[in-house]
Amino acid sequence: MKVVVLLVISTLLGYATAQVGTVFETSGGRHPEQVQVATHFDSNGVLGNVHLLQRRPTDHTKIQIQLQGLNSLPGNNQYGLYITEFAACFDQANPCSPAAIGNTFNPDGLNISRAGYAEQCRSNHSECAVGDLTTRHGPLTANDSNTLVEYRDFNLPVVGSRSVVGRAMVLRRLDNDENLACGNNDIPTNARILVGVFSRAFSGEITIAHPRYDYIDYTKNENTIIMLDLERIDGGPANIPTLGWQLQRGFADDTCSRLDAVLGHRPVAAGDSSVTCSRTEHRTCPLGALTTKCGPLSLVNNRIRAMCTDNQLGLVSFSTLDRLVVSITDSSSTILECVQLNEHLPAGAYVNFRFNRVLVNLVFSQLSPKEPTYYRTYVIGLNEEASNIVVYDGDNPDLTTCTNLGNVLDRPGSIAVSNPNTSDQYRIGDLGPKIGGVEGRRHLRNHGLSSAIPLTGSVNILDKPIAVLRQDGSVWGCGIVEDYYNAPYEAPREVFDYLDIWRPPTPWRPPTP
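Residues numbered from 1 in each chain as written. Predicted model: local features only at pLDDT ≥ 70, side-chain atom pairs only at ≥ 80, totals over all residues. Heavy atoms only, no water.

Visitor: Let's hear about the overall build of the protein chain: which residues, and what values?
Guide: In terms of helices and strands, the protein chain carries 7 helices and 27 strands. Per-residue burial over the protein chain gives 52% buried out of 513 residues. Within the protein chain, contacts between residues separated by at least 24 positions form 61% of all contacts whose residues are at least 6 apart in sequence. If you sum the accessible surface of the protein chain, you get close to 22900 Å²; carbon and sulfur atoms cover 47% of it. (Helix = DSSP H or I, 4+ residues; strand = E, 2+ residues; numbered from the N terminus. Buried < 20%, exposed > 50% of the residue type's maximum accessible area, 1.4 Å probe, protein only. Contact = heavy atoms within 4.5 Å. Areas by Shrake-Rupley, 256 points an atom, 1.4 Å probe, with all protein chains shown as cover.)

Next comes the structure, spelled out in structure tokens:
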């Protein structure tokens, strides 16, 4: 049952850009965990998912590909899938270009242009570049509108230092090597997650995640995933091609004057002393040198979106995570903003209030900033008067008279866009359409997932006033979205039951002889 629930959550991550989830489970005490990575494509007319499932670090990986729209792409009906060195930044003009995502991921440094490479690769997967899925398994063909295939791969790790998590997967036209669409691997669910919330020069958050497995050796060598999603709000320039970012020790305040130097080096092995720190080679880099390891940030139309795979940072090797700060600097090294990093916990919330003969009971839970929010609704006693359920941004609401609720909750400067296929056309506070709709209904009893009901980040629904509206827009009844961590003894059992299935699995041990 856990696998089914978690698989649904992973496959429903339908962001406008590509998203990935990772699933962990114990199974009868025999397999310590299984890891599933699901990449979502939604660009250039290509829509669908690619799932990678590996039961153990030493096991093969199962690849399941389901893509729509290949039959409408240019080319000779032959397309290839590859995993590349870097993640794609979808705010760039050409996020899937080789200049943006790098070459085919080849951590073993194999000569893929050598004579006989293709034949050796097909017969022995260890002779292939890790990211070269097409040579191992053959091209994808678009005979109809829906392409569905499945492979077994013996050289596609989703754990360890050679992991493909945190990199881009690209669909390539084989007759001219043009990249047509791509998607990113996202943050693993079972991970140590640090979050920093920006609120002065920018609005948004940075997330740093390091997977945690029962296999300690793999955990130490695992890649660290860094994701940044910001919107500029201080009125400064809307477009800056190059910004620096770095990881430091210290305390983040309004002046950013209490920061130490950029985090320095770990001991460098003797054989690595001649290696130059670069975007592809991190071994000799200072730990906090994100600009060099991940590339500079770009501010485009007031937006920064970046993702990086750091194969050196390794959060589990830190003796303490206290006092870690991320700062963003301009070309003159002036700090635009700095934020403190704090370890993230799953978020849970609930709503419980009555008015007239109406009962409103809602439960929400979100595992990490990039995961969708699970919701469960139990609303009874409505009639034709009801039009919506809305969360507001007021800090001092009067719940007796349902006044001083503020404005409908949303990001600063956001404009609702019409997209009938997602819930993105609604403001953050417009809950009704996201949880099944209340207009014209007497009861609302359902559950599901939404990527547009945040419980974390700089703008979220926790501790905010919530109201049921009439058809004329007036407030019918109101309450508060309670943060259950602040009042755990009052939280409904459903919150704890739901979050309980996401706790890290119990470490597996071999049976005693």
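Visitor: Summarise the packing of aromatic side chains; cite the residues concerned and give the values.
Guide: When we look at a pair of aromatic rings, we describe it by the centre distance and by the angle of the planes. Summed over the entire model, instances satisfying the criterion amount to 3 aromatic pairs. Taken together, a centroid distance of 6.3 Å and an interplanar angle of 85° make the contact between Phe198 and Phe202 edge-to-face. Both rings, one in Phe353 and one in Phe355, keep their centres 6.0 Å apart while their planes meet at 25°; by these two values the pair is stacked. When sorted by exposure, Phe353 lands in the same class as Phe355, which is buried. Grouping aromatic residues by their ring pairs yields a cluster made of Phe353, Phe355 and Trp476. (Phe/Tyr/Trp six-rings, centres within 6.5 Å; stacked < 30°, edge-to-face > 60°.)

Visitor: Requested: an account of the sheet that holds strand 5 (residues 78-83), with residues and values cited.
Guide: Backbone-to-backbone hydrogen bonds join strands into a sheet, with any given pair of strands oriented parallel or antiparallel. Judged by pairing direction, the sheet is antiparallel, and its 4 strands sit side by side in the order 6-5-8-9 without closing on themselves. Each edge of the open sheet carries a strand with a single partner, namely strand 6 (140-141) and strand 9 (178-184). Of the pairings in the sheet, the one linking strand 8 (residues 168-173) to strand 9 comprises 6 bridges and is antiparallel in character. What sits directly across from Met169, in strand 9, is Gly183. (Pairing = 2+ DSSP bridges.)

Visitor: Would you mind going over the pattern of salt bridges in detail, with residue names and values included?
Guide: Throughout the structure, instances matching the rule amount to 12 salt bridges. Residues Arg136 and Asp153 are paired through a salt bridge, measuring 2.7 Å at the closest nitrogen-oxygen approach. Of this pair, Arg136 sits in helix 4 (residues 133-137) while Asp153 sits in strand 7 (residues 146-153); the two residues are 17 residues apart in sequence, bridging distant segments of the chain. According to the relative accessible area criterion, Arg136 is buried, its value standing at 5%. Across the pair Asp229 and Arg303 runs a salt bridge, and its minimum N-O distance is 2.9 Å. One end of the pair, Asp229, is in strand 12 (residues 224-232); the other, Arg303, is in strand 16 (residues 303-310), with 74 residues separating them in the sequence. A relative accessible area of 32% places Arg303 in the partly exposed class. Through salt bridges that share partners, Arg173, Asp175 and Glu178 make up one connected network. (Salt bridge = Lys/Arg side-chain N within 4 Å of Asp/Glu carboxyl O.)

Visitor: Tell me what's going on with the environment of Ile480, and back it up with residues and numbers.
Guide: Checked against the element boundaries, Ile480 lands in strand 26 (residues 475-480). Between the C-alpha atoms of Ile480 and Asn352, which are 128 residues apart in sequence, the distance is 7.9 Å.

Visitor: A description of the state of the cysteines should follow, citing residues and the corresponding values.
Guide: All chains considered together, the criterion is met by 6 disulfides. Two residues, Cys256 and Cys338, share a disulfide whose sulfurs are 2.2 Å apart. Classification of the bridge connecting Cys256 and Cys338 rests on its S-S torsion, roughly -105°, and on that basis the disulfide is left-handed. Linking Cys256 in the loop between strand 13 (240-251) and strand 14 (258-262) with Cys338 in strand 18 (residues 335-340), this pair joins segments that are 82 residues apart in sequence. For the pair shown, Cys256 and Cys338 are each scored as buried. Taken N- to C-terminal, the disulfide-bonded cysteines of the protein chain are connected 1-4, 2-3, 5-10, 6-7, 8-9, 11-12. (Disulfide = S-S within 2.5 Å.)

Visitor: Any details on the sheet that holds strand 23 (residues 386-391)? Residues and values, ideally.
Guide: Pairing within the open sheet is antiparallel, and its 3 strands lie in the order 23-25-26. Looking at which strands have only one partner, the edges of the open sheet turn out to be strand 23 and strand 26. Shown here is a sheet whose adjacent strand axes are inclined to one another by a mean of 15°, direction ignored. (Axes fitted to C-alpha atoms, helices over the stretch in contact; angles between N-to-C directions.)

Visitor: Residue-level account of the nonpolar core, with values.
Guide: Core analysis: the biggest nonpolar cluster contains 32 residues, and Val50, Leu52, Leu70 and Leu81 have the highest contact counts within it. Among the elements of the structure, strand 2 (35-43), strand 3 (46-54), strand 4 (61-68), strand 5, strand 8, strand 9 and strand 12 are those that each provide at least two residues to this core. Ignoring any residue separated from it by four or fewer positions in sequence, one finds Val50 in contact with Val37, Ala38, Thr39, Phe41, Ile63, Gln64, Ile65, Leu67, Leu81 and Met169. Counting residues in each nonpolar core, the second largest holds 30 residues, with Phe353, Phe355, Leu455 and Val459 among its members. (Core = buried A, V, L, I, M, F, W, Y, C linked by side-chain atoms within 4.5 Å.)

Visitor: Just give me the short version of unusual backbone geometry, but keep the residues and values in it.
Guide: Most peptide bonds take the trans form, and the phi angle of most residues other than glycine is negative. The backbone of Asn404 shows a phi angle near 55°, a positive value even though the residue is not glycine. Looking at the secondary structure, you find Asn404 in the loop between strand 23 and strand 24 (443-450).

Visitor: For the environment of Ser331, give the residues involved together with the corresponding values.
Guide: Take Ser331: it is sitting in the loop between strand 17 (324-329) and strand 18. When the C-alpha atoms of Ser331 and Leu243 are compared, they prove to be 6.4 Å apart, with 88 residues separating the residues in sequence.

Visitor: Any details on the pairing of strand 21 (residues 358-366)? Residues and values, ideally.
Guide: Burial analysis of strand 21 places 9 of its 9 residues in the buried class, which makes it a mostly covered element. With 9 bridges joining them, strand 20 (residues 347-355) and strand 21 adopt antiparallel strand pairing. Along strand 21, the bridge assignment pairs Asn352 with Asn361. Between strand 20 and strand 21, which pair antiparallel one after the other, the connecting turn spans 2 residues, and Asn356 there sits at a positive phi close to 50°.

Visitor: Report on the side chain of Thr134, specifying residues and quantitative values.
Guide: Looking at where Thr134 falls in the secondary structure, it is placed in helix 4. Judged by relative accessible area, which is 8%, Thr134 ranks as buried. There is a polar contact of 2.8 Å between the side chain of Thr134 and the backbone nitrogen of Leu81. Apart from the residues lying within four places of it in its own chain, the contact partners of Thr134 are Gly80, Leu81, Tyr82, Pro139 and Leu174. (Polar contact = N/O pair within 3.5 Å; in protein donor to acceptor, adjacent residues only side chain to side chain.)

By themselves, these are just geometric observations and shouldn't be taken as functional.
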